[in-house]
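Observations on chain architecture
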Amino acid sequence: MTPIHILLVEDNEGDILLTREAFKEAKILIKLSVVRDGEEAVNFLTKQGEYLLAEVPDLLLLDINLPKKNGHEVLQFIKGDEGLKHIPVIILSTSSSPKDVNMAYSHYVNCFITKPLDVNDFIGVIASIENFWISIVRLPANKENK
Amino acid sequence: MMTEVDILLVEDNASDAEMTIDALKKSGLANKLLHVKDGAAALDFIFAEGAYTGRNTAYKPKVILLDVKMPKLNGIEVLQRIRTDEHTKTIPVVMLTSSKEDPDIKTCYALGVNSYVVKPVEFDEFQKAITELGLYWMIVNQQTQYE
């Protein structure tokens, strides 16, 4: 079975580690790619520089506060690109400010999840993302790598 | 007339609608649910037209569950109308389809559907999917904060 490919865009090493651990418990094989700033995310998605051989992800987990390009800019880039806009993007941020939430929806984010501060709650949130997005939702097939 | 709707269910298949409402009720999520049976009625509700003229549009659904294949106006057409209007483009829309159909999932995502769910055929699986879906959109997801 082809693993589900998730691109995590996150600069906090603790959150990267926790997300990785939480996905290890998943019922379905998940390939997790990680990039640590917004510019890298765009390079990954457009196969620039060191990401020449990167595969288009099935799903994106995107933080907002990121170096170089923030999550809103990355989201806008994806949803404005004919070849990428079908990729579901989940914002995963410590922010719950109406400004961030509304801006994300107006740029066509697929959903907005506020990162809980408690470790167990964080793992729970990753589990519910997995439960919903991997087990229930039908993701678009990226023909190129399927 | 129901004025504050959290879940708008747009479904022409009576048994699917019943199972969906039932599953959401069991999770306590169906208190503010409105069921309409076709795309035209969905747009009337969303844009406060026809039977819903005068409805307060400031209160927006937390999620719209939209069947793809419907008479009059199909789900994709309804989705396009929602996404192209400034007042409604941020409302989350979950597309529901029966497994026998094979519509272009990628196109729906490109048109801005928030998620796309194939309704499981088996009863228990159907209930489970709807429950997870309801909890995810009503509780886990952050809603747009309207003025």
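Okay, so let's go over this structure. Quick caveat, the model's predicted, so the values are computed rather than measured.

**Overview of the overall build of chain A**
- Within chain A, the regular secondary structure consists of 5 helices and 5 strands.
- Taken from the N to the C terminus, the helices and strands of chain A come in the order β-α-β-α-β-α-β-α-β-α.
- Relative to the 2.2 N^0.38 estimate, which gives 15 Å for 146 residues, the radius of gyration of chain A is 14 Å and therefore close to what a compact globule would have.
- C-alpha extents for chain A along the principal axes are approximately 35 × 35 × 25 Å.
- Among the 146 residues that make up chain A, the fraction classed as buried is 55%.

**Looking at the packing of helix H2 (residues 39-46) of chain B against helix H3 (residues 75-83) of chain B**
All names here are of chain B.
- In contact at an axis separation of 9 Å, H2 and H3 are set at 15° when each is read in the N-to-C sense. By the criterion of interaxial angle, the relationship of H2 to H3 is roughly parallel. In this structure, the crossing between H2 and H3 has a hand that is right-handed. Packed against H2, whose contacting residues are Gly39, Ala42, Leu43 and Ile46, the element H3 presents Val78, Arg81 and Ile82 at the interface.
- Residue classes in the contact of H2 with H3 are distributed as 5 nonpolar, 1 polar and 1 charged.

**A short note on the interface of chain A and chain B**
- Contact with chain A, which involves 29 residues of that partner, is made by 26 residues of chain B.
- Roughly 2500 Å² of surface becomes buried between chain A and chain B when both sides are summed, with 60% attributable to carbon and sulfur atoms.
- It is A:Tyr105, A:Ile136 and A:Arg138 that lose the most area in chain A upon contact with chain B, and together they represent 26% of the buried surface on that side.
- Along the contact surface separating chain A from chain B lie 0 salt bridges.
- At the boundary of chain A with chain B, the tally comes to 11 residue pairs in polar contact (both at pLDDT 80 or more).
- Among the secondary structure elements, those contributing two or more residues to the side of chain A that touches chain B are helix H4 (98-106), strand E5 (111-114) and helix H5 (119-136) of chain A.
- Here the side of chain A that touches chain B gets 6 residues from one element, more than from any other, and that element is H5(A).
- Grouping the constituent residues of the side of chain A that touches chain B by class yields 18 nonpolar, 8 polar and 3 charged.

**A short note on H2(B)**
All names here are of chain B.
- Within H2, burial applies to Gly39, Ala42, Leu43, Phe45 and Ile46. All buried residues of H2 project into a common sector of 160° when viewed along the axis, lining one side.
- Packing partners of the buried residues in H2 comprise strand E1 (7-10), strand E2 (33-36), strand E3 (63-67) and H3.
- Sitting at the head of H2, Asp38 places a side-chain oxygen 2.9 Å from the backbone nitrogen of Ala40.

**Topic: the sheet that holds E5(A)**
Residues and elements named next belong to chain A.
- In space, the 5 strands of this open sheet follow the order E2-E1-E3-E4-E5, with parallel pairing throughout. Either end of the sheet is taken by a strand with one partner, and the two such strands are strand E2 (30-35) and E5. Ignoring strand direction, the axes of neighbouring strands in this sheet form an average angle of 20°.
- In this structure, strand E1 (residues 4-9) lies alongside E2, joined through 6 bridges in parallel fashion. For Leu8, the partnering residue across the bridge sits in E2 and is Val34.
- The strands touched by helix H1 (residues 13-24) are E1, E2 and strand E3 (59-62); relative to E2, the strand with the most contacts, the crossing angle is about 175°.

**As for the layout of surface pockets**
- Approximately 370 Å³ is the volume attributed to the largest pocket.
- Elements with a contribution of two residues or more to the lining of the largest pocket: H5 of chain A together with helix H5 (123-140) of chain B.
- With 5 residues, the top contributor of residues to the lining of the largest pocket is H5(A).
- Looking at the lining of the largest pocket, its residues break down into 11 nonpolar, 3 polar and 6 charged.
- In this structure, the second largest pocket encloses a volume near 230 Å³.
- If you go around the second largest pocket, you meet 17 residues; those closest to its centre are A:Tyr108, B:Arg83, B:Ala110, B:Leu111 and B:Gly112.
- Elements with a contribution of two residues or more to the lining of the second largest pocket: H3 and helix H4 (105-110) of chain B.

Procedures and definitions
- Residues numbered from 1 in each chain as written.
- Chains lettered and ligands numbered in written order.
- Predicted model: local features only at pLDDT ≥ 70, side-chain atom pairs only at ≥ 80, totals over all residues.
- Heavy atoms only, no water.
- Helix = DSSP H or I, 4+ residues; strand = E, 2+ residues; numbered from the N terminus.
- Rg over C-alpha atoms; globule rule 2.2 N^0.38 Å.
- Buried < 20%, exposed > 50% of the residue type's maximum accessible area, 1.4 Å probe, protein only.
- Axes fitted to C-alpha atoms, helices over the stretch in contact; angles between N-to-C directions.
- Parallel < 35°, antiparallel > 145°, perpendicular 65-115°, else oblique.
- Left-handed = near helix turned anticlockwise from the far one by under 90°.
- Contact = heavy atoms within 4.5 Å.
- Nonpolar A, V, L, I, M, F, W, Y, C, P; charged D, E, K, R; others polar.
- Buried area = accessible area lost by both parts, 1.4 Å probe.
- Salt bridge = Lys/Arg side-chain N within 4 Å of Asp/Glu carboxyl O.
- Polar contact = N/O pair within 3.5 Å; in protein donor to acceptor, adjacent residues only side chain to side chain.
- Arc of directions from axis to C-beta.
- Pairing = 2+ DSSP bridges.
- 1 Å grid on protein atoms, 1.4 Å probe; cavity = no way out; pocket = protein on both sides within 12 Å on 5 of 7 lines; lining within 4 Å.
- Points joined across faces, edges and corners; volume = space filled by probe spheres on them.

Distances and angles like these do not, on their own, reveal function.
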